Amino acid sequence: MHPCTQHNGFILFHYAMASFSHAKLRSKKFSIPLTIFFIIKLFFVSSLAEVNNDKSPIPSHFSKSSMAATQLSISSACKATIYKAACESFLVSLQTTAKTQHELFDLSVEYTMKQSQSAINLASSLSLSAHGNAQTHLVSAGAMADCIELLDDTLDQLSNVINRKNNLIQSHNDVRTWLSAALTNQETCIESLQNSKIKEQKGLMVSTARNLSHHISNSLAIYVSHYVTEEANKLNPGGTGGRKLLSGNKFPSWVSATDRKLVEAPVGEIKAHAVVAKDGSGTHKTIADAIGVLGSLASGGRNVIYIKAGTYKENLNFPTKQKNVMLVGDGKGKTVIVGNRNADDGSSTFSSATVAAMGDGFIARGITFINSAGPEKHQAVALRVGSDRSVIFQCSIEGYQDSLYTHSKRQFYRETDIYGTIDFIFGNSAVVFQNCNIFARKPSSGSRNYVTAQGRTDPNQNTGISIHNCKIGSESGGSKLTYLGRPWQKYSRTVVMQSFIDGSINPAGWYPWSGSFALSTLYYGEYMNSGPGASTSGRVNWPGYHGALTPTAAQTFTVGSLIDGNMWLPSTGVSFDSGLIG
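Just so we're clear, the structure is a prediction, and the values are computed from it rather than from any experiment. (Residues numbered from 1 in each chain as written. Predicted model: local features only at pLDDT ≥ 70, side-chain atom pairs only at ≥ 80, totals over all residues. Heavy atoms only, no water.)

## A closer look at the overall build of the protein
Along the backbone of the protein there are 13 helices and 28 strands. Split into buried and exposed, the 582 residues of the protein put 57% on the buried side. For the protein, the proportion of contacts with a sequence separation of at least 24, taken over those separated by at least 6, is 72%. Of the roughly 23900 Å² that the protein leaves accessible, carbon and sulfur atoms contribute 52%. (Helix = DSSP H or I, 4+ residues; strand = E, 2+ residues; numbered from the N terminus. Buried < 20%, exposed > 50% of the residue type's maximum accessible area, 1.4 Å probe, protein only. Contact = heavy atoms within 4.5 Å. Areas by Shrake-Rupley, 256 points an atom, 1.4 Å probe, with all protein chains shown as cover.)

Structure below.
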């Protein structure tokens, strides 16, 4: 038996035995009641089906007379889910019966959270093993570290869902965002494991992450099928247009007066908790030292680090638990943070970032983020963001392949420049770019540039890339070697709206990933763009491409709709267009 199958069987066996607490085994010789035997057998069959991505319901091993009602309930409960084998194994393992869809969803999330905890325990154990093995390639240990960080974030997202009634900000999109991010985390873990040198550990962890992703996907499907109705979606439509500024907005009661002006206030008026200066004129000489101070702050408010002009060669990571951090620089090209981690030298794409932020509420203003590895080093991220309700304002993000990793959750970029070559804006967040300059660099000989590579893996995820009122072009002029995007994952979703597209964009506009992969399931759209590269007459004719979005369809990709911007952007003070312009 493959080791990953053994592990899934063990986990399912554990839940089966937990359902029969009276059967505590104290010796090697024991008998199992026939019913329990059949349940364990069912779990093992379910496990095998999940490992093989079998999305069909598994056959029942129970008698029709005793289980008819239960089978009907299972069939009904699992109807909306993608991974029916995982759904049925979860339902059979319950010690209680869900009486309503609300209860079913809550039980599903609680079950998934237990699975997540088991997964992080396994990853921690495998990580120790990898570090202790002298023959282990560093990539293996690094991949496990990625998975641990991502699983930690997954637990945080699932906890948000379970405690959603206590959250100050709550909408249907909140829950979808948290579950979408938890699902994305598993895909990223698996991606990081691809280059692991220890096949047994790799297989075991990939199987565990994949099994967990099935349960998260099912929780998301149950939620969407029951909670997200047309009426619910109308609760936060976002409006038809108009520029939303700081003045005139009513702020939520939990937003402090100082937070409301942080993004656009003059630097001299911002009260920072730490000041970084290479010449010693601040409180710290390195950004990393300043970040260390934030851990001791217990105010619960926003933590601000002012970084004076200079070039800082550092790699920074703000983990999930480090929330509400704001980095303020002296402006693009003045305050520069540079690193050079990359795939060719052993980093995973996830860990290659010069600056990475997973903690919610991250804000960066007036900073240039650079990965200087160069095009020959392949994946090399300058900025990775997996922070919910994050803002990147008046910054510059510079690299080559994979410059900007918009990993997960809700993000907003305003008046920011992004430079790169291959897939240089990628990830699976819900993100809007407004008033940004997006420039493709000169590609390597024989190569093409792809502006976006959106990574939506599940049709129920509320993720996508929206480029709105931006300028898209190329540093090298009219090479025609740059495309607006290609589908990284099956349900890739990207729109370009009311933007200027220069003549360097290939008339086809979009490029396939591999053969016909995702061409009928992706969602690519354009709306009222201008410029020499904006004509859609020569665009691709894929089933999933929409060359002339209707105003109604375009509205769903605005700040107000895609990222719930009206709910949280006013608290930052940043200017934004809530809906379509004009």
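## Details of the packing of aromatic side chains
One pass over the full model with this rule turns up 17 aromatic pairs. Aromatic side chains Phe105 and Tyr223 sit 5.0 Å apart centroid to centroid with 50° between the ring planes, which places their arrangement in the tilted category. Linking Phe105 in helix α5 (residues 101-132) with Tyr223 in helix α8 (residues 199-227), this pair joins segments that are 118 residues apart in sequence. In this structure Tyr223 comes out as buried when scored by relative accessible area, which is 3%. A ring pair is formed by Tyr524 and Trp542, whose centres lie 6.4 Å apart and whose planes are at 45°; its orientation type is tilted. One end of the pair, Tyr524, is in strand β26 (residues 523-527); the other, Trp542, is in the loop between β26 and β27 (545-546), with 18 residues separating them in the sequence. (Phe/Tyr/Trp six-rings, centres within 6.5 Å; stacked < 30°, edge-to-face > 60°.)

## Here's the deal with the environment of Tyr524
Taking relative accessible area as the criterion, Tyr524 reaches 0% and is therefore assigned buried. With 32 residues separating them along the chain, Tyr524 and Ser492 place their C-alpha atoms 7.8 Å apart. Once you skip the residues sitting within four places of it in the chain, Tyr524 turns out to touch Gly485, Arg486, Pro487, Ser492, Arg493, Thr494, Trp510, Trp542, Gly544, Tyr545 and His546. At 2.9 Å, the side chain of Tyr524 and the side chain of Ser492 are in polar contact. (Polar contact = N/O pair within 3.5 Å; in protein donor to acceptor, adjacent residues only side chain to side chain.)

## Quick notes on the pairing of strand β12 (residues 390-393)
Side-chain alternation along β12 places Ser390 and Ile392 on one buried face and Val391 and Phe393 on a second face that is also buried. With three bridges connecting them, strand β9 (residues 363-365) and β12 associate as parallel partners. Within the sheet, the bridge partner assigned to Ala364 lies in β12 and is Ile392. Note: β12 against strand β15 (residues 410-414), four bridges, orientation parallel. Note on β15: the bridge partner recorded for Ser390 is Gln411. (Pairing = 2+ DSSP bridges.)

## Overview of the state of the cysteines
Joining two cysteines, a disulfide is a covalent bond between their sulfur atoms. Following the criterion strictly, the structure yields two disulfides and no others. Through a disulfide, Cys78 is tied to Cys87; the S-S separation comes to 2.1 Å. Its torsion about the S-S bond being -90°, the disulfide of Cys78 and Cys87 is classed as left-handed. One exposure class covers both Cys78 and Cys87, and it is buried. Residue Cys147 pairs covalently with Cys189 via a disulfide, S to S 2.0 Å. One quick way to see it: the torsion about the S-S bond of Cys147 and Cys189 is about 90°, and its sign makes the bridge right-handed. Note that Cys147 is positioned in helix α6 (residues 138-162) and Cys189 in helix α7 (residues 172-193), a separation of 42 residues in sequence. The exposure class of Cys147 is buried, given its relative accessible area of 0%. Should the bonded cysteines of the protein be numbered as they appear in the sequence, the pairing reads 1-2, 3-4. Distance from the sulfur of Cys470, which forms no disulfide, to the nearest cysteine sulfur (Cys436) is 4.6 Å. A residue is classified by how much of its surface remains accessible, and Cys470, at 5% relative accessible area, is buried. (Disulfide = S-S within 2.5 Å.)

## Concerning the packing of helix α4 (residues 84-93) against α8
Their axes nearest at 9 Å, the elements α4 and α8 cross at an angle of 85°. Between α4 and α8, the angle is such that the two are roughly perpendicular. Seen from α4, the contacting residues are Ala86, Cys87, Ser89 and Phe90; seen from α8, they are His214, His215 and Asn218. Of the residues that constitute the contact of α4 with α8, the class distribution is three nonpolar, four polar and no charged. (Axes fitted to C-alpha atoms, helices over the stretch in contact; angles between N-to-C directions. Parallel < 35°, antiparallel > 145°, perpendicular 65-115°, else oblique. Nonpolar A, V, L, I, M, F, W, Y, C, P; charged D, E, K, R; others polar.)

## Brief notes about the sheet that holds strand β20 (residues 449-454)
In spatial order, the strands read β5-β8-β11-β14-β17-β20-β23; together these seven strands make up an open sheet with parallel pairing. Two strands in the sheet have a free side with no partner beyond their single neighbour: β5 (316-318) and β23 (482-485). Pairs of neighbouring strands in the sheet enclose a mean axial angle of 15°, with direction left out of account. As judged from the three bridges shared by strand β17 (residues 425-427) and β20, these two strands associate in the parallel manner. In the strand pairing of β20, Gly427 is matched with Gln454.

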